[in-house]
Amino acid sequence: MDKNSYRYQQDLKNVTKIRELLTELPGFCREYFLALESRKSTNTRKNYAYDLLTFFHFLQETNPYFKGKEIRSIKISDMDLLTPIDIEEYLSYLQYYVKDGKEYTNSPEGRARKLSSLRTFYDYFLKKDQLKTNPARQVDVPKIKEHNIIRLEPQEVVKLLDQVESGENLTKKQLESHQKTRLRDVAILTLLLGTGIRVSECVGLNLNDIDFDDYSIKIIRKGGNEDTVYFGDEVADALMDYLENDRDFKQPAPGHEEALFISMKNTRLTTRSVERMVKKYTSHVTTLKKISPHKLRSTFGTNLYQETGDIYLVADTLGHKDVNTTRKHYAGMKEANKRKAAQTIRLREEKKDV
């Protein structure tokens, strides 16, 4: 892998953070994370490390046996002392807690993810015969309510892109930077709305990942797999305009020469920068919806599903490994498709007036 690539640099940061977190976790955790290296991405492993550290902090602060005990001194045999009640108390604790003066909350989705991390952790040592039980498997996953998909309506998409091109309603300070980033911002938003790729996939793009002959881009999906995504004329025009009239005149900082999207500091644009940029423009388009880059992805997925009614195509295009993930998000639209289908079938030809 190219050492200057976005993916390589992110993996490097994640591995560094995992090693840092392992110095705070019990010693036996190192074996677990070594086993994960061949199966999980660096980002997933980093999240697992954070989740486990939160769990051990909980034990240290609230559990009578572990209270006041140094986390590093906890032994693997100590984990067999925990019961399903302890795990239930942990999930309750996660709803709201204070750490180092900072308040933390976890939604049902967040608590479910942390429970999953704990289950996987116990599963590993259970399989290795180092533990006898897995109390996390005896606890129900927090119920996650289905939410309506938040997306931009067609007229809002038009208004958003017009807003980015004109800079209308921006503050005087925002307009100063807008003059320098307009073509880049139009290209990014058109790309996100026209392909449904994730922000991490977008900022990770290099110049040579675009193929204008094939109207496609090469991206690195979540999990590290390479994929090809196709785009239409509008995306091609926005990208070409940006490349010919903006990007070609940039002088990127060392190590960022191949990056497609460059910041005003001449470094590869970050996911956080794109999130701020989307928030800046969409705040002038809709006040009723909180639009994030992920909602632009939902907008694309919704439009594609409405046009095709093919959930498998939507799943493949969005890069979902499991079609049930896609179906869960877009299930609310199936009634409209069913009504449309009912009007499509004709049992008898309409009688013509004579």
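A few points on the structure. Because the structure is predicted, anything quoted here is derived from the model rather than measured. Throughout this description, residue numbers start from 1 for each chain and increase along the sequence as written. Per-residue local features are limited, in this predicted model, to residues with pLDDT of at least 70; the limit for side-chain atom pairs, both in listing and counting, is 80 or more; totals at the level of whole chains, interfaces and linings are taken over all residues. Side-chain measures were taken over the full set of non-hydrogen atoms in the model, leaving aside hydrogen atoms and water.

As for its position among the elements, arginine 111 is in helix H5 (residues 108-127). Partly exposed residues are those whose accessible area sits between 20% and 50% of the maximum for their type, while under 20% is buried and over 50% is exposed, using a 1.4 Å probe and protein chains only. Only four residue types enter the charge count: Lys and Arg as positive, Asp and Glu as negative, with His and the chain ends excluded. Salt bridge, as used here, is a side-chain nitrogen of Lys or Arg placed within 4 Å of a carboxyl oxygen of Asp or Glu. Notably, arginine 111 is buried but unbridged: the nearest opposite-charge side chain belongs to glutamate 109, and the N-O separation is 7.4 Å. Once residues lying within four places of it in the same chain are set aside, the contact partners of arginine 111 are Leu91, Leu94, Gln95, Asn106 and Pro142. In this text, helices come from DSSP runs of H or I with a minimum length of four residues, and strands from runs of E with a minimum of two, each type numbered from the N-terminal end. Contacts: residue pairs with any heavy atoms within 4.5 Å of one another.

What follows covers the pairing of strand S4 (residues 216-220). Two faces, one strand: in a regular strand the side chains alternate between the faces of the sheet. In this description, strands pair whenever DSSP reports at least two bridges between them. As defined by bridge partners, strand S3 (residues 210-211) adjoins S4 across two bridges and the pair is classed as antiparallel. Within S4, the residue paired with aspartate 211 across the bridge is serine 216. Joining the antiparallel neighbours S4 and strand S5 (residues 226-230) is a turn of five residues, in which glycine 223 adopts a positive phi near 105 degrees.

The sheet contact formed by strand S1 (residues 96-99) and strand S2 (residues 102-105) spans four bridges and is antiparallel. By the bridge assignment, tyrosine 97 is partnered in S2 with tyrosine 104. Connecting the antiparallel pair S1 and S2 is a turn made up of two residues, with aspartate 100 showing a positive phi of about 55 degrees.

Turning our eyes to something else, we now look at the layout of surface pockets. Of the volumes computed, that of the second largest pocket is approximately 620 Å³. For each structure, a 1 Å grid was placed over the protein atoms alone; sets of points admitting a 1.4 Å probe that cannot get out are labelled cavities, open sets with protein on both sides within 12 Å along at least five of seven lines are labelled pockets, and lining residues have an atom within 4 Å of a point. As for the second largest pocket, its lining consists of 26 residues, and the residues nearest its centre are Val157, Leu161, Thr190, Leu193 and Glu234. Grid points are joined across faces, edges and corners, and a volume is the space filled by probe spheres set on the points.

Moving on, we come to helix H9 (residues 233-245). Here H9 contains 13 residues, and its C-alpha end-to-end distance of 18 Å stays within 8% of the 18 Å for a straight helix at 1.5 Å per residue. Among the residues of H9, Val235, Ala236, Ala238, Leu239, Tyr242 and Leu243 are the ones counted as buried. Projected down its long axis, H9 carries its buried residues within an arc of 165 degrees, all on one side. Those residues of H9 that are exposed and angled more than 90 degrees off the buried face are Asp233, Glu234 and Asp237. Looking at the buried side of H9, the elements it contacts are helix H7 (172-195) and S3. The span you would expect from a helix comes to 1.5 Å times its residue count less one. By construction, the arc corresponds to the directions joining the helix axis to the C-beta atoms.

With respect to the helices and strands, leucine 175 occurs in helix H7. With residues up to four places along the chain from it excluded, the contact list for leucine 175 reads Gly167 and Leu170.

Right, let's talk about the sheet that holds S4 for a bit. One open sheet accounts for three strands, arranged S3-S4-S5; its pairing is antiparallel. One side of each edge strand has no neighbouring strand; the edge strands of this open sheet are S3 and S5.

A word on a negative patch on the surface. Taken together, the side chains of Asp162, Glu165, Asp233, Glu234, Asp237, Asp241, Glu244 and Asp248 define an acidic patch exposed on the protein surface. At the level of secondary structure, the elements contributing two or more residues to the negative patch comprise helix H6 (154-166) and H9. Looking at the negative patch, the element that brings in the most residues is H9, giving five residues. Residue position: aspartate 248 is located in the loop between H9 and helix H10 (271-282). Patches here: salt-bridge-free residues with over 30% relative accessible area, like charges joined within 9 Å, nonpolar side chains (Val, Leu, Ile, Met, Phe, Trp, Tyr) joined within 5 Å. All accessible areas in this document rest on Shrake-Rupley with a 1.4 Å probe, and a residue is counted as covered only by the protein chains that are shown. Charge positions are represented by NZ for Lys, CZ for Arg, CG for Asp and CD for Glu.

Considering all chains together, one arrives at 13 salt bridges under this definition. A salt bridge links arginine 113 to aspartate 51, with the shortest nitrogen-to-oxygen separation between them at 2.6 Å. Placement of the pair is arginine 113 in helix H5 and aspartate 51 in helix H3 (residues 42-62), with a sequence separation of 62 residues. With a shortest N-O distance of 3.8 Å, lysine 114 and aspartate 51 are connected by a salt bridge.

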